[in-house]
Amino acid sequence: MSIELGHFALVLAFAISTISAIVGLIFWKREVLAGYLQQGAVLQFVLVAASFAALIQAFVVSDFSLKLAYEHANSAQPLIFKITAVWGNHEGSMLLWVLILVIMGAAVAAFGRNLPKDLLTLVLAVQSLIAAAFTGFTLFTSNPFLRLSPAPFEGQDLNPILQDIGLAIHPPLLYLGYVGFSVCFSFAMAALISGRIDAAWARWVRPWTLLSWCFLTLGIAMGSYWAYYELGWGGWWFWDPVENASFMPWLAGTALLHSALVMEKRNALKIWTIFLAIITFSLSLLGTFMVRSGILTSVHTFASDPTRGMVILALLALFIGGAFSLFAFRASTLRVGGLFAPISREGALILNNLFLATATVAVLVGTLYPLLLDALVGETISVGEPFFNLTFGVIMAPLLIVLPFGPFLAWKRGDLIAVTQRLAGAAGLALFAAVLCFALTGGEVSLAPLGLLLGFWVAFGALAELVDRAKFFRTDVVTSFKRLFGLPRTAWSTAIAHFGIGVTVIGVVAASAWQQELVTTMVPGEGVVIAEHQVTFDGMEHVEGPNFVSDTGRFAIRAPGGGVRTALAERRVYNASGQPTTEAAIETYGFSQLYVQLGEPQADGKSVVRLWYKPYVTLIWLGCLMMAGAGFLSLSYRRLRVGAPRPASARAAAE
Amino acid sequence: MIFWSLAFVVTAVACAALYYAGAGRRVNATAAVVDSPELAHLKLQLKEIESDLALGRLGAAEATAAKGELARELMRLKATTKAATDSGARRGIVAVAAVITAVLAFGVYGALGRPDLPAQPLAERQDVPPPEMTLDDAIARIEAQLKAKPEDLRGWTVIAPAYMQMGRFADAANALRKAIELDGPTADRETDLGEALMMANSGSAAGEPLALFRSASNRDVTHVRSRYYLASEAMREGDFATAKAGWQGLLKLSKGGETWLANAEAGLAAAEAGLGGDMPANADIAAMVEGLSSRLNQSGGTIDEWTRLVRSRLVLGQTELAQTAYDAARKAYPAAGDRAELDVLAADNGLVASN
């Protein structure tokens with residue numbers, strides 16, 4: 001009965017969100033109705049959470065009268081994978097999406113008590129509209145609560161690649177990011193409908209932007225690391241359409257984060273910020289649907305399920321089209337905000353936005369163009385890594401070059417020459433570090449040292465801001481340290497986030513340029529050397545897991561610094577589905593990793609072994625963690641910030 | 001009934017909560033700019049500027065400029081804010097909204113839900129066998145039990161023939177080995193295991209199966225199946241003397257009317273023919289075989305009869321006709337488990353199991 005109660009709870013949440021959206025959008029000027037919408041948002045959360053719990057319960061007890069459980073779970077799976085199997089499929093992951101959406105709605109209702117009532121009503125109404133659309137989509141085209149009677153005795157299995165802890169972490173984080181931007185979207189819609197938009201609006205929106213951005217950063221990083229260790233290709237980013245689908249909202253969200261900053265502090269860039277809020281969530285929707293509709297594996301799967309495909313198109317048209325129509329209609333009536341000179345903090349942030357927006361468009365074109373071409377002309381082309389590396393790299397390089405200047409510039413009008421002087425130290429250090437690496441790696445001429453230079457420049461530039469604000473070298477050390485720790489947390493979070501970008505860039509460059517790869521066949525007892533690591537194949541073992549059998553290759557790795565480690569690389573076959581997977585052995589040495597993957601056993605008893613040495617590869621994800629951590633740090637700082645302008649007279653006096 | 005009561009209670013609570021949240025609270029409708037959130041925001045900003053100034057984070061000139069901007073913002077705000085108005089109609093709105101919500105919920109659930117279906121978790125399904133269980137389900141169920149309790153003799157004994165029926169001969173052999181391991185060998189078990197191994201090995205009885213059949217026939221001198229396989233294997237190897245003795249021994253065990261009787265008689269005849277080096281009464285045999293063939297092709301027959309036909313064709317050296325008969329038999333008996341003996345015979349003599 002709990003399954004049917006869960007089903008009923010989801011239906012009731014659908015009804016509440018539908019009626020809330022209608023009531024809110026029609027009567028938003030009656031401010032007292034905010035209470036109704038707040039209550040509705042909380043109820044939606046409680047009910048969807050209950051229905052999600054019912055699904056989890058059915059999966060845990062292997063109730064295969066639930067069709068979804070029968071199709072995607074097996075009683076032999078370990079408990080954690082029974083739970084994650086709930087969202088390891090289309091229907092369940094739609095419900096997870098909806099769950100996170102209503103969590104966000106309930107959070108707005110709970111924390112939004114001091115928002116103006118009409119704004120709150122409109123935000124919750126738009127949020128309810130999105131919830132109604134997606135709950136409806138889930139219920140009518142992808143219902144996770146379909147039943148089977150009589151129940152089959154045993155279920156099919158969860159896709160073995162998904163039987164990994166990554167499934168427990170990656171989708172929830174990614175969805176928190178994607179869906180979090182719905183709040184920004186709702187705020188933007190509310191501002192457009194009510195015609196009210198000011199610095200206070202930006203202050204209320206910014207935490208949601210920041211929160212979503214942090215989760216999206218973590219979600220993408222986690223997804224990248226998961227693909228890296230599970231898929232066994234040793235790559236960490238493939239410019240795959242699914243990855244791009246999550247990367248585009250991130251780029252737009254990063255732009256939004258910065259423009260909302262300008263808006264909160266300086267009351268400027270309002271229209272642009274609204275535009276970005278709409279774009280970011282639209283890209284999230286596009287991403288969700290590119291993945292969820294099956295359009296990505298082939299455009300033809302779209303046609304093979306016409307109901308789902310058409311509903312998807314209709315929803316995209318409704319939200320994106322509706323939002324932009326409203327934007328076009330209302331944007332001209334919005335009041336333009338504060339003025340500023342081109343060389344200023346605002347100007348730097350606009351530059352940042354321009355580059356990020358261009359990068360988003362480049363990725364969008366590269367992702368959609370093949371799909372459109374296939375759909376319209378029937379011609380299949382693949383836009384791969386070279387395209388993205390070229391376009392994206394060309395756009396990102398100048399952004400990284402100017403990035404350290406931004407935080408140094410004053411609001412309203414800045415002094416570029418003074419800033420350049422203050423950054424000279426960081427530039428010198430970066431150059432020194434890059435040249436040192438160049439020399440240590442044998443002086444091979446390539447783009448890699450330039451890439452490193454860029455990474456070091458961004459990292460040192462970020463630190464330079466802290467050093468400068470603490471007045472190191474300009475006053476005594478004790479005072480400087482006092483100043484350093486007295487800096488507002490936002491200064492720290494800016495520096496850490498920008499430092500994180502530098503770290504990621506360094507990791508990307510090092511792991512791509514100096515990676516070593518070795519493919520060989522080995523018999524037990526044989527050894528090879530890769531990047532001064534002596535890898536010996538000790539032999540194969542047959543291991544029985546809870547729901548799989550594994551041929552485990554045992555390797556002994558002797559590092560140049562001494563010490564021997566045992567690494568286990570597996571080839572598994574899952575009992576229920578008979579599907580094989582590989583589990584790579586990854587050993588971390590400092591920031592570098594040795595990656596061993598066991599290939600097909602050969603007829604003559606040899607095993608194919610692929611080895612990679614990836615120098616500083618973990619920096620890629622460490623940098624992402626720093627960025628997300630910086631975001632959370634900034635979130636924890638709820639003091640209001642005012643971007644005090646640099647008055648014209650003060651500048652005259654300074655000169 | 002319990003379900004509908006619970007659903008009703010949940011809906012009632014939700015709708016009541018919505019109604020009271022929307023209608024029950026008195027809101028100060030005349031709240032003007034004095035304590036609006038926008039003003040609060042400006043006040044906070046002002047406070048912030050002053051504290052920054054006091055801490056020396058902000059120069060006096062910057063602070064003055066920032067305050068100037070705030071003042072302009074405040075004046076704009078005061079000019080645009082209007083006192084909110086409200087009419088008593090809101091109670092009506094929320095009441096109607098709550099009722100429509102409830103109606104919508106029951107309507108949609110009525111169209112989508114299956115309130116009649118109870119939960120069927122694995123643990124409960126293991127105890128109560130549903131009447132219409134498929135073979136796959138049954139096997140999955142026994143497998144689950146055996147995984148939990150590998151010393152369950154009954155489980156292994158029950159699952160082996162099911163595997164055989166599904167053509168999973170290696171699994172069947174494994175199950176039979178477990179049974180022998182747990183409870184010791186019997187003539188039947190050894191013969192079953194031999195049969196499974198033979199099938200898994202595309203019909204060849206050489207090696208372990210033969211040893212198992214011998215062991216079974218020694219264990220039980222009246223054991224028919226093992227003796228049958230031994231005689232057949234001797235025939236295949238051209239050891240007509242052993243085969244003849246084997247068939248004669250089998251015929252002695254007969255009480256009349258067994259299904260294998262005709263095969264054994266045909267086998268004995270063939271063995272004697274082989275010993276004699278020629279084929280006496282060849283024409284008679286040929287006529288008999290043709291008669292059998294036309295009868296089976298017209299009106300069908302048992303699998304044993306088909307097997308006899310194929311065997312006779314092979315003995316007569318009519319390989320192509322044997323293949324035709326084998327194809328027809330496969331069509332008549334599509335389940336591999338039904339024609340274990342025929343498949344062995346066919347495989348031994350190089351007939352193709354085409355689909």
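Residues numbered from 1 in each chain as written. Chains lettered and ligands numbered in written order. Predicted model: local features only at pLDDT ≥ 70, side-chain atom pairs only at ≥ 80, totals over all residues. Heavy atoms only, no water.

For the rest of this paragraph, the subject is the interface of chain B and chain A. Interfaces are often sized by the amount of accessible area the parts lose when they come together. With 64 residues of chain B at the interface, the matching set in chain A holds 69 residues. For the pair chain B and chain A, the summed buried area comes to about 5800 Å², and 68% of that belongs to carbon and sulfur atoms. Put simply, chain B and chain A have 0 salt bridges between them. The tally of links between chain B and chain A comes to 3 residue pairs in polar contact (both at pLDDT 80 or more). Elements represented by at least two residues in the side of chain B that touches chain A include exactly α1 (2-24), α2 (37-55), α3 (60-80), α4 (90-112), α5 (122-127) and α6 (135-148) of chain B. The leading source of residues in the side of chain B that touches chain A is α4 of chain B, at 13 residues. Classifying every residue of the side of chain B that touches chain A by side-chain character gives 38 nonpolar, 10 polar and 16 charged. (Contact = heavy atoms within 4.5 Å. Buried area = accessible area lost by both parts, 1.4 Å probe. Salt bridge = Lys/Arg side-chain N within 4 Å of Asp/Glu carboxyl O. Polar contact = N/O pair within 3.5 Å; in protein donor to acceptor, adjacent residues only side chain to side chain. Helix = DSSP H or I, 4+ residues; strand = E, 2+ residues; numbered from the N terminus. Nonpolar A, V, L, I, M, F, W, Y, C, P; charged D, E, K, R; others polar.)

Turning our attention to a nonpolar patch on the surface. Residue and element names in this part refer to chain A. A surface patch of nonpolar side chains, about 270 Å² in accessible area, is lined by Val42, Phe45, Val46 and Ile103. Broken down by element, the nonpolar patch gets its largest block of residues, 3 residues, from helix α2 (residues 34-60). Owing to a relative accessible area of 33%, Ile103 belongs among the partly exposed residues under this scheme. (Patch = residues over 30% accessible without salt bridge, like charges linked within 9 Å, V, L, I, M, F, W, Y side chains within 5 Å. Areas by Shrake-Rupley, 256 points an atom, 1.4 Å probe, with all protein chains shown as cover. Buried < 20%, exposed > 50% of the residue type's maximum accessible area, 1.4 Å probe, protein only.)

Glancing now at the nonpolar core. With 165 residues, the main nonpolar core has Phe134, Phe187 and Trp201 of chain A as its most contacted residues. If you tally residues by element for this core, the top one is helix α8 (residues 199-230) of chain A, at 18 residues. Sequence-distant contacts of Phe187 of chain A, defined by excluding residues within four places in its chain, comprise Leu115, Leu119, Val123, Trp201, Trp204, Val205 and Trp208 of chain A. If you look at the next biggest cluster of nonpolar residues, it comprises 27 residues, including Ile142, Phe169, Ala173 and Ala196 of chain B. (Core = buried A, V, L, I, M, F, W, Y, C linked by side-chain atoms within 4.5 Å.)

Turning our eyes to something else, we now look at empty space enclosed by the protein. All names here are of chain A. Per the stated rule, a full pass over the model turns up 5 cavities of 30 Å³ or more. Space inside the second largest cavity adds up to approximately 50 Å³. Among the secondary structure elements, those contributing two or more residues to the lining of the second largest cavity are α2, α5 (90-111) and α6 (117-141). Considered class by class, the residues forming the lining of the second largest cavity number 6 nonpolar, 4 polar and no charged. (1 Å grid on protein atoms, 1.4 Å probe; cavity = no way out; pocket = protein on both sides within 12 Å on 5 of 7 lines; lining within 4 Å. Points joined across faces, edges and corners; volume = space filled by probe spheres on them.)

All names here are of chain A. As paired strands, strand β3 (residues 533-544) and strand β4 (residues 548-558) are joined by 10 bridges and run antiparallel to one another. Its bridge partner lying in β4, Glu544 is registered against Val549. What sits between the antiparallel neighbours β3 and β4 is a turn of 3 residues. Two strands pair when backbone bridges link them, and β4 and strand β5 (residues 564-574) are joined in this way by 11 bridges, in the antiparallel orientation. The partner of Thr552 across the bridge, within β5, is Glu570. In sequence, β4 turns back onto β5 through a hairpin of 5 residues, with Gly562 there showing a positive phi of about 95 degrees. (Pairing = 2+ DSSP bridges.)

For chain A, the domain assignment lists domain 1 (415-511) and domain 2 (516-614). Inter-centroid distance (C-alpha atoms) of domain 1 of chain A to domain 2 of chain A is 39 Å. (Domains from an automatic or database assignment.)

Here we take up the side chain of Glu190 of chain B. Relative to the elements of secondary structure, Glu190 of chain B occurs in helix α9 (residues 187-200). Here the side chain of Glu190 of chain B touches Ser215 of chain B through a polar contact of 2.8 Å, side chain to side chain.

Scanning the model with the defined rule gives 22 salt bridges over all chains in all. A salt bridge links Glu4 of chain A to Arg147 of chain A, with the shortest nitrogen-to-oxygen separation between them at 2.8 Å. With Glu4 of chain A in helix α1 (residues 2-26) and Arg147 of chain A in the loop between α6 and α7 (165-194), this pair connects stretches of sequence that are 143 residues apart. Here Glu4 of chain A falls in the buried class, since its relative accessible area comes to 1%. The class of Arg147 of chain A is buried, set by a relative accessible area of 10%. Arg572 of chain A serves as the salt-bridge partner of Glu583 of chain A, at 3.8 Å between the closest nitrogen and oxygen. Linking Glu583 of chain A in strand β6 (residues 580-583) with Arg572 of chain A in strand β5, this pair joins segments that are 11 residues apart in sequence. For Glu583 of chain A, a relative accessible area of 13% translates into the label buried. A relative accessible area of 14% places Arg572 of chain A in the buried class. Each of Asp188, Asp192, Glu195 and Arg225 of chain B takes part in one network of salt bridges that share partners.

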